[in-house]
Amino acid sequence: MKIRLIFDELRSRLSELDRRRTAAAMAVLLVFVVVATLLMFSGNGGETTDGGTDTGVDVAAAPQQVQWEPYRGVAVPYSVDGPRDRITGSGYARTPQGAVCAAMQAQVRLSMAPDDSWANTVVTVAAPGPGRDAFAAARVMASISSDADPAQTAQFVGFRVTDYSDSAATIWLATRMPDGTLTAASSRVVWFGDDWKLALPDPKGAAGDADSTPLVALTSLDGYSSFGATTGGQR
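Residues numbered from 1 in each chain as written. Predicted model: local features only at pLDDT ≥ 70, side-chain atom pairs only at ≥ 80, totals over all residues. Heavy atoms only, no water.

It is worth spelling out the pairing of strand 1 (residues 67-71) at this point. Inspection of the sheet shows strand 1 paired to strand 2 (residues 74-78) by five bridges, in the antiparallel sense. Pairing of Glu-69 across the sheet is with Val-76, part of strand 2. From the end of strand 1 to the start of strand 2, which pair antiparallel, there are two residues, and Arg-72 there has a positive phi angle of about 55 degrees. (Pairing = 2+ DSSP bridges. Helix = DSSP H or I, 4+ residues; strand = E, 2+ residues; numbered from the N terminus.)

Within the element layout of this structure, Asp-163 appears in strand 3 (residues 155-164). Owing to a relative accessible area of 19%, Asp-163 belongs among the buried residues under this scheme. (Buried < 20%, exposed > 50% of the residue type's maximum accessible area, 1.4 Å probe, protein only.)

Moving on: the pairing of strand 5 (residues 182-191). In terms of residue burial, strand 5 counts as a mostly covered element, since eight of its ten residues are buried. Two elements, strand 4 (residues 168-176) and strand 5, share nine bridges in a ladder whose sense is antiparallel. Residue pairing for strand 5: Trp-172 is matched across the bridge by Ser-186. Linking two consecutive strands that pair antiparallel, namely strand 4 and strand 5, is a turn of five residues; a positive phi of about 95 degrees is found at Gly-180 within it. Pairing analysis gives three bridges linking strand 5 to strand 6 (residues 196-198), with the strands arranged antiparallel. Its bridge partner lying in strand 6, Trp-191 is registered against Trp-196. Two successive antiparallel strands, strand 5 and strand 6, enclose a turn made up of four residues, where Gly-193 displays a positive phi of approximately 60 degrees.

Before going further, it helps to spend a moment on unusual backbone geometry. Gly-82 connects to Pro-83 through a cis peptide bond whose omega is 5 degrees. At Gln-65, a residue that is not glycine, the phi angle is positive and equals roughly 50 degrees. Along the chain, Gln-65 falls in the loop between helix 2 (23-40) and strand 1. A relative accessible area of 66% places Gln-65 in the exposed class. One non-glycine residue, Asp-194, lies in positive phi territory at about 65 degrees. Looking at the element boundaries, Asp-194 is found in the loop between strand 5 and strand 6. The exposure class of Asp-194 is exposed, given its relative accessible area of 63%.

Attention shifts here to the nonpolar core. Counting 37 residues, the largest nonpolar core has Phe-159, Ile-171, Val-189 and Trp-196 as the members making the most contacts within it. Broken down by secondary-structure element, the contributors of at least two residues to this core are strand 2, helix 3 (96-112), helix 4 (118-125), strand 3, strand 4, strand 5 and strand 6. In terms of residue count, the dominant contributor to this core is helix 3 (ten residues). Contact partners of Val-189, with chain neighbours within four places excluded, come to Ala-99, Ala-103, Ser-167, Ala-168, Ala-169, Ile-171, Trp-196, Lys-197, Leu-198 and Ala-199. Membership of the second largest hydrophobic core comes to eight residues, among which are Val-157, Trp-172, Ala-174 and Leu-182. (Core = buried A, V, L, I, M, F, W, Y, C linked by side-chain atoms within 4.5 Å. Contact = heavy atoms within 4.5 Å.)

Laid out in structure tokens, this is it:
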């Protein structure tokens, strides 16, 4: 039921923006639902207060020396904290800023990687485990061959790190739809194989989280560090 509601909400937003939906837009929607379903079971159904963040680390500082470039229609950040490999979206500094860039890159690449390269993308940007396996199994049922239309696609505008250590981080990523709607969703990244990778939770371990939701509506970016292609990427 929860998955159905998420799908209906996202489909409605696309209809309001442009009723002439393209096949590419629907494919992106399907994959986003897959990612959202997995994130639903992460135990982060609503925003949390700051947790066990390493002291002396500035988790609110935005990445520096940033260039925003489109990956198949969605702007993603390239900064001094990574990714060093612009083709694969890998190679991040072991810093909060590196973790933020990794989370943004991974979400977009998982949602937009085309049919001929998505398998390599999943291995590169997501940590191994049941969650990644579940995503891969669901991704087989989708087909993505075209870029997203920026006029119909949410773009990153900010972030909030609620938990950070040099081995894992929980990051809320804020996005703005073309109609101005603000939402946020949490991501978990872990340090694995000398890089930050997105941790997709195991859906089978989600019995107690059935009422959680991966999306939170925002009325403003208060409490978030401004960071996006249209915001100048500054705190």
